[in-house]
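Residue strings, one per chain:
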Amino acid sequence: MKRITGKARDETLIELKSAADYQTGEGPAVLTAFRINLRSDENNGHSLNSLSDRESSLPGHTETDKLKPSKDTVFFRDGVRRIDFVLSYVDDKDGEKKQERRREFEANLEKDGLELETEDKADSDDTKTYFLKIHAPWKVLATYADILKIKVPFKASDIPSSQDVPLEWLSRPFRLPEHIMHPQPDYFTSPFDKGKIDFFLINDKDTFFPPSTRNRIVYYILARCSYHKEDRRDKDKKGIKRLISNGTYTAAFPLHDCRYWKRARNAECESERYNLYKHWARFLCFYKEQPLNLIRKYYGEKIGIYFAWLGFYTEMLFFAAVMGLICFTYGVLSYDDNISSKEICDSSIGGSIVMCPLCDKKCNFWKLNSTCLSSWQSHLFDNEATVFFAIFMGIWVTLFLEFWKRRQARLEYEWDLVDFEEEQQQLQMRPEFEIKCTHKRLNRITQEMEPYLPISSKCARFCVSGATVIFWMSLIVACIIGVIAYRLAVFAAFASLMKDSPTRKIQLVGSLITPQLATSVTASCINFVIIMILNFFYERVAIWITDLEIPKTHLEYENKLTMKMFLFQFVNYYSSCFYVAFFKGKFVGFPGNYTYMFGKWSNLRNEECDPGGCLIELTTQLVIVMAGKQLWGNIQEALLPVMRNWWGSRKARHQSQYSRWGQDNDLLNFSQLGLFYEYLEMVIQFGFITLFVASFPLAPLLALFNNILEIRVDAWKFTTQFRRPVAAKARNIGAWQEILNVVAILSVVTNAFIVAFTSDMIPRLVYLYAYHSGAEATMKGYVNNSLSIYNISQISDYSMLENGESPDWFNKSVVTTCRYRDYRYPPGHVKEYTHTMQFWHILAAKMAFIIIMEHVVFVVKFFVAWMIPDVPSEVKARIKRERYLIQEYLHKYEVEKLKLQLSANFVAESRSELCSEVPCDAEKHEMLSECL
């Protein structure tokens, strides 16, 4: 195949559509007729390069009618062959090796049947970049469609569509036009077979395979085409990925069909990108449904299934957000009925209770009413509705996963993905695996030799990978311990600075700035910064160790990377929340026998919880980490691409001759792991709103607002900022489904423990029903009941304030005891400072609550999972019906084909017998000529 360079453009090909012809309607007719001639010439083996010889045959065409070709097109210069892929490169000064690689690679592409056309660098935007345009003719498409078993239509579907939803008029404001929601009719499909071309609905070979399928086939060829000479057999010199990594080519991408803000000029171009931007990628469409079928048609099933999952997750978040808002509203409305906070804030009760120092040498005695504000804040999230919301979320997560399985099964049927998994596992072998695995063995299924990784090498790589994972997880734990040490050290510093601070004299500011709050907020911010820094390294480490293991298929590669990355992120994001929820305030000791983090020599006494409980600190930690991550993620996803592509977008809008391939080359590259990070972001968010949601009922509401923005930001990125990704198939969300199931089960346990051990609900209920004084069950006296007494004279000098100063209100002769948060016998008792019976009753109640809550939620989960089948009965019936009809049509096709063959053979035999019966030579020759 002779390639046409940009320099020969004016000498060979012209643009057939002038502006005047297009307005009068004559241009398209001439162009259509001319394309028909081109197709017939191509089928007859004529070269398309001799186009100038035919120009004179066009009606009214002369040499003076030549126009410059339109660059904003997805076709070759002949206006007939579609550009299926584009490679770009820069010819370096020291690029002899690169030139040789490109020469060999392009020669091998032509041997595989692809057609190439080069745009000279003089025609590029920067006058430095060459563009190699690739077209896959029908023969190549048919061959690889057969190899990849791509499903294509063979008959219009006659299965009636599902019935209309009741009260459909209510959803009309949220619906999109029918041609956007369903851009193509429904067909029965079957894997393509070159031997049965007449079985399929092939009206036009040029448009039979959609652009997404065409670029998928071409990329399959590019990923496996070698670039070494025939006399050399360097197996590692193969694939476009290696050529891009070594700088031979700078980019490889399929083209968008048009500019996103304007329809394509060519009526034969689909303008699907413009429709996606208009109806999907704009934020003003946030209340509209997503055009999933159009997304799938343009980007492929893998991206389509991601947006389907994200949209369904956002829809389900609406119900969790409403329930969380109701629980929070209950906390606000019951604000005035909080007897415990009233007692803490009461000057006669909380103002008369002297609390023991919270740290050694730096902290002094303090009054209970100084925590008045935090106790009110804690009540907003730590109330009776907390228990109900924790149980509700355990059931919600089950409903979410079960209903998603049904939605996924429906998409599998509608998108022809029911039997895809086995094909993907067998056919999508990674080129890296083929290159690095030099050993071969017989595949029992295909009976062909294929590369494999020996067990010894696999074990060695697995050990290195496991050791690396353990090391980096240990690094995370070390960072968390460092943050804890910071909390312990800084608390004492804040307490020392604030005891005589001028802010203490201002009642409003002084009540807000407390050592507990200052420590919690600063530690959470520092922890968030550490999380962001470690994430930078985790991504690279996870990719490195996954590459080290050399997974066989793309699916296996993604699953292994998913598990490693999520394990890193799980420990990184959630470890600080686990510490606050389950460890802080649980191992404190008491004034005479405190416990220390690294021993008494470290002076780092374990943190105590606020008298109002540790739940408010868990809420603070969760809000800072979750909200900070979402805010930073949106900044990265929205602002940075805009800044990087601002100049390219400006050129695209203001330069009429800015080519389609030049515009797309300036966009960001969508990597193979692009969706991986999108899934990871959402699954981490899913963990926040399920694992620790009992501490912050408004978390689903924050996630809902974020996801409404996330859908449109992702849509905007895909449509305007990224090059068109290579279409890929996927029947589900992969390993993320199992991760969601594990998080859902773990969330039941964590929320049960949060309500039992972090919240104060169980101690309050035990007091209300077993230890309250008086005939009426009230919470009066709970604060006094929950605080134990210690003799100040028994406090060691090591724990007392080092300068000996005391507050003005503190009188040693009057105040002889201090209080601390625990259930222990008072001084002078036979069991002095040992746990009271109430402590054991509360512990038993906590354990009973955990067991009861877990069993109730798990029973409901299993019952719901049993009641809701994974595949809707309607979809099952449709799948069976379609398979039956496909078999029936195939049988009829084979029978008709056999009949035609038998009749043709019969006619041939009859004619031969008739010819043999002619007696004379003259008649014999005459009859023979008639037979021939």
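Since we're looking at a predicted model, the values are computed, not measured.

## What to know about the overall build of the chain
Working step 1: On a plain count of helices and strands, the chain comes out with 31 helices and 14 strands.
Working step 2: In the chain, which comprises 932 residues, the proportion classed as buried is 50%.
Working step 3: Sequence separation of 24 or more characterises 78% of the internal contacts of the chain that already satisfy a separation of 6 or more.

## So, the packing of helix H10 (residues 272–281) against helix H25 (residues 699–721)
Working step 1: Two elements in contact, H10 and H25, have axes separated by 10 Å at closest approach and are oriented at 165 degrees. Here H10 lies roughly antiparallel to H25, going by the angle between them. Pair H10 / H25 crosses with left-handed handedness. Contacts between H10 and H25 involve Arg273, Leu276, Tyr277, Trp280 and Ala281 from the former and Arg712, Ala715, Trp716, Thr719 and Thr720 from the latter.
Working step 2: Of the residues assigned to the contact of H10 with H25, the class counts are six nonpolar, two polar and two charged.

## Points about the nonpolar core
One recurring pattern in soluble globular proteins is that nonpolar side chains are buried together.
Working step 1: Membership of the largest hydrophobic core comes to 128 residues, with the highest contact counts inside it found for Trp309, Tyr313, Trp396, Phe400, Tyr574 and Phe688.
Working step 2: Per-element tally for this core: the top contributor is helix H12 (residues 301–333), with 16 residues.
Working step 3: Apart from the residues lying within four places of it in its own chain, the contact partners of tyrosine 574 are Gln569, Val683, Ile684, Gly687, Phe688, Leu691 and Phe692.
Working step 4: Ala145, Phe208, Tyr220 and Tyr227 belong to the second-largest nonpolar core, a separate cluster that totals 47 residues.

## Overview of the sheet that holds strand E3 (residues 129–135)
Working step 1: Judged by pairing direction, the sheet is antiparallel, and its four strands sit side by side in the order E2-E3-E1-E6 without closing on themselves. The outermost strands of the open sheet, each flanked by one partner alone, are strand E2 (115–119) and strand E6 (251–253). The mean angle between the axes of side-by-side strands here comes to 20 degrees, regardless of whether they run parallel or antiparallel.
Working step 2: For strand E1 (residues 85–90) and E3, the ladder comprises six bridges, and the chain directions are antiparallel. Note on E3: the bridge partner recorded for serine 88 is phenylalanine 131.

## Some thoughts on helix H5 (residues 138–148)
Because each turn of an α-helix spans 3.6 residues, side chains separated by three or four positions in sequence point in the same direction.
Working step 1: With eight of 11 residues buried, H5 is to be regarded as a mostly interior element.
Working step 2: Among all positions in H5, only Trp138, Val140, Leu141, Ala142, Tyr144, Ala145, Asp146 and Leu148 are buried.
Working step 3: Looking one or two places after H5, you find lysine 149, whose phi comes out positive at around 55 degrees.

## Comments concerning the pattern of salt bridges
Working step 1: Per the stated rule, a full pass over the model turns up 31 salt bridges.
Working step 2: Note that lysine 560 and glutamate 549 form a salt bridge whose closest N and O atoms lie 3.6 Å from each other. With lysine 560 in helix H21 (residues 554–582) and glutamate 549 in helix H20 (residues 515–549), this residue pair connects regions lying 11 residues apart in the sequence.
Working step 3: The exposure class assigned to glutamate 549 is buried, which follows from its relative accessible area of 9%.
Working step 4: In this structure, lysine 717 and aspartate 714 form a salt bridge, with 3.6 Å as the shortest nitrogen-oxygen distance. Of this pair, lysine 717 and aspartate 714 both sit in helix H25, three residues apart, which is roughly one turn of that helix.

## Section: the state of the cysteines
Working step 1: For the structure on display, the rule yields two disulfides.
Working step 2: Residue cysteine 345 pairs covalently with cysteine 372 via a disulfide, S to S 1.8 Å. Handedness here is read from the sign of the S-S torsion; for cysteine 345 and cysteine 372, about 100 degrees, the answer is right-handed. Taken together, the residues span a long stretch of sequence, with cysteine 345 in helix H13 (residues 339–345) and cysteine 372 in helix H14 (residues 372–381) at a distance of 27 residues.
Working step 3: The exposure class of cysteine 345 is partly exposed, given its relative accessible area of 25%.

## Some words on the side chain of glutamate 412
Working step 1: Summarising the element assignment, glutamate 412 is placed in helix H15 (residues 384–414).
Working step 2: Taking the relative accessible area as the measure of exposure, glutamate 412 reaches 11% and is therefore buried.
Working step 3: Beyond its immediate chain neighbours, meaning those up to four positions away, glutamate 412 contacts Leu417, Val418 and Arg731.

## Examining the packing of helix H27 (residues 761–771) against helix H29 (residues 837–867)
Working step 1: Following both chains from N to C, one finds H27 and H29 inclined at 120 degrees, their axes separated by 10 Å at the closest point. It follows from the interaxial angle that H27 and H29 lie oblique. Crossing geometry of H27 relative to H29 is assigned as right-handed. Contacts between H27 and H29 involve Ile762, Pro763, Val766 and Tyr771 on the former and, on the latter, Met837, Gln838, His841, Ile842, Ala845, Lys846 and Phe849.
Working step 2: Residue composition of the contact of H27 with H29, grouped by class: eight nonpolar, two polar and one charged.

## Here's the deal with the side chain of threonine 546
Working step 1: Relative to the assigned elements, threonine 546 resides in helix H20.
Working step 2: Side-chain polar atoms of threonine 546 contact the backbone oxygen of alanine 542, separated by 2.6 Å.
Working step 3: Residues in contact with threonine 546, not counting those within four places in the same chain, are Pro551, Tyr557, Lys560, Leu561 and Lys564.

## Quick notes on unusual backbone geometry
Working step 1: In this model, aspartate 416 sits at a positive phi of 60 degrees, which is unusual for a non-glycine residue.
Working step 2: Among the structural elements, aspartate 416 can be located in the loop between H15 and helix H16 (420–427).
Working step 3: With relative accessibility at 18%, the residue aspartate 416 sits in the buried group.
Working step 4: For isoleucine 550, which is not glycine, the phi torsion reads 50 degrees and is therefore positive.
Working step 5: Locating isoleucine 550 in the fold gives a position in the loop between H20 and H21.

## Section: the confidence of the model for the chain
Detailed reading of the predicted coordinates is not advisable wherever pLDDT is low.
Working step 1: When the pLDDT values of the chain are averaged, the result is 79; 80% of them are 70 or greater.
Working step 2: Note on residues 1–68: pLDDT under 50 across the span, and 87 contacts to partners over four residues away in sequence or across chains.
Working step 3: Segment residues 924–932 is flagged for pLDDT under 50; beyond a separation of four residues in sequence, or across chains, it makes seven contacts in the model.

## A closer look at the environment of alanine 107
Working step 1: Here alanine 107 lies in helix H4 (residues 96–111).
Working step 2: Sequence separation of alanine 107 and serine 226 is 119 residues, and the distance between their C-alpha atoms is 9.8 Å.

## Re the environment of leucine 87
Working step 1: Following the sequence through the fold, leucine 87 ends up in strand E1.
Working step 2: Separated by 153 residues in the primary sequence, leucine 87 and isoleucine 240 place their C-alpha atoms 9.3 Å from one another.
Working step 3: What leucine 87 contacts, discounting residues up to four positions off in sequence, is Phe105, Tyr130, Phe131, Leu132, Ile134, Leu222, Ile240, Tyr249, Ala251 and Ala252.

## A word on the packing of aromatic side chains
Working step 1: Counting across every chain of the model gives 69 aromatic pairs.
Working step 2: Measuring from centroid to centroid gives 4.8 Å for tyrosine 298 and tyrosine 299, while their planes differ by 90 degrees, and the two rings are edge-to-face. When sorted by exposure, tyrosine 298 lands in the same class as tyrosine 299, which is buried.
Working step 3: With a centroid separation of 5.7 Å and 70 degrees between ring planes, the pair formed by tyrosine 299 and phenylalanine 718 is classed as edge-to-face. You can see tyrosine 299 sitting in helix H11 (residues 292–299) and its partner phenylalanine 718 sitting in helix H25, a full 419 residues away along the chain.
Working step 4: The class for tyrosine 299 is buried, based on a relative accessible area of 0%.
Working step 5: Sitting above the plane of the phenylalanine 75 ring, arginine 82 keeps its charged end 5.9 Å from the centroid.
Working step 6: Between lysine 133 and the ring centre of tryptophan 661, over which it is positioned, the NZ or CZ distance is 4.3 Å.

## Thoughts on a nonpolar patch on the surface
Working step 1: A surface patch of nonpolar side chains, about 470 Å² in accessible area, is lined by Phe174, Phe283, Phe286, Tyr287 and Leu709.
Working step 2: Checked against the element boundaries, tyrosine 287 lands in the loop between H10 and H11.

The rules behind these values
Residues numbered from 1 in each chain as written. Predicted model: local features only at pLDDT ≥ 70, side-chain atom pairs only at ≥ 80, totals over all residues. Heavy atoms only, no water. Helix = DSSP H or I, 4+ residues; strand = E, 2+ residues; numbered from the N terminus. Buried < 20%, exposed > 50% of the residue type's maximum accessible area, 1.4 Å probe, protein only. Contact = heavy atoms within 4.5 Å. Axes fitted to C-alpha atoms, helices over the stretch in contact; angles between N-to-C directions. Parallel < 35°, antiparallel > 145°, perpendicular 65-115°, else oblique. Left-handed = near helix turned anticlockwise from the far one by under 90°. Nonpolar A, V, L, I, M, F, W, Y, C, P; charged D, E, K, R; others polar. Core = buried A, V, L, I, M, F, W, Y, C linked by side-chain atoms within 4.5 Å. Pairing = 2+ DSSP bridges. Salt bridge = Lys/Arg side-chain N within 4 Å of Asp/Glu carboxyl O. Disulfide = S-S within 2.5 Å. Polar contact = N/O pair within 3.5 Å; in protein donor to acceptor, adjacent residues only side chain to side chain. pLDDT = per-residue confidence, 0-100. Phe/Tyr/Trp six-rings, centres within 6.5 Å; stacked < 30°, edge-to-face > 60°. Lys NZ or Arg CZ within 6 Å of the ring centre and 35° of its normal. Patch = residues over 30% accessible without salt bridge, like charges linked within 9 Å, V, L, I, M, F, W, Y side chains within 5 Å. Areas by Shrake-Rupley, 256 points an atom, 1.4 Å probe, with all protein chains shown as cover.

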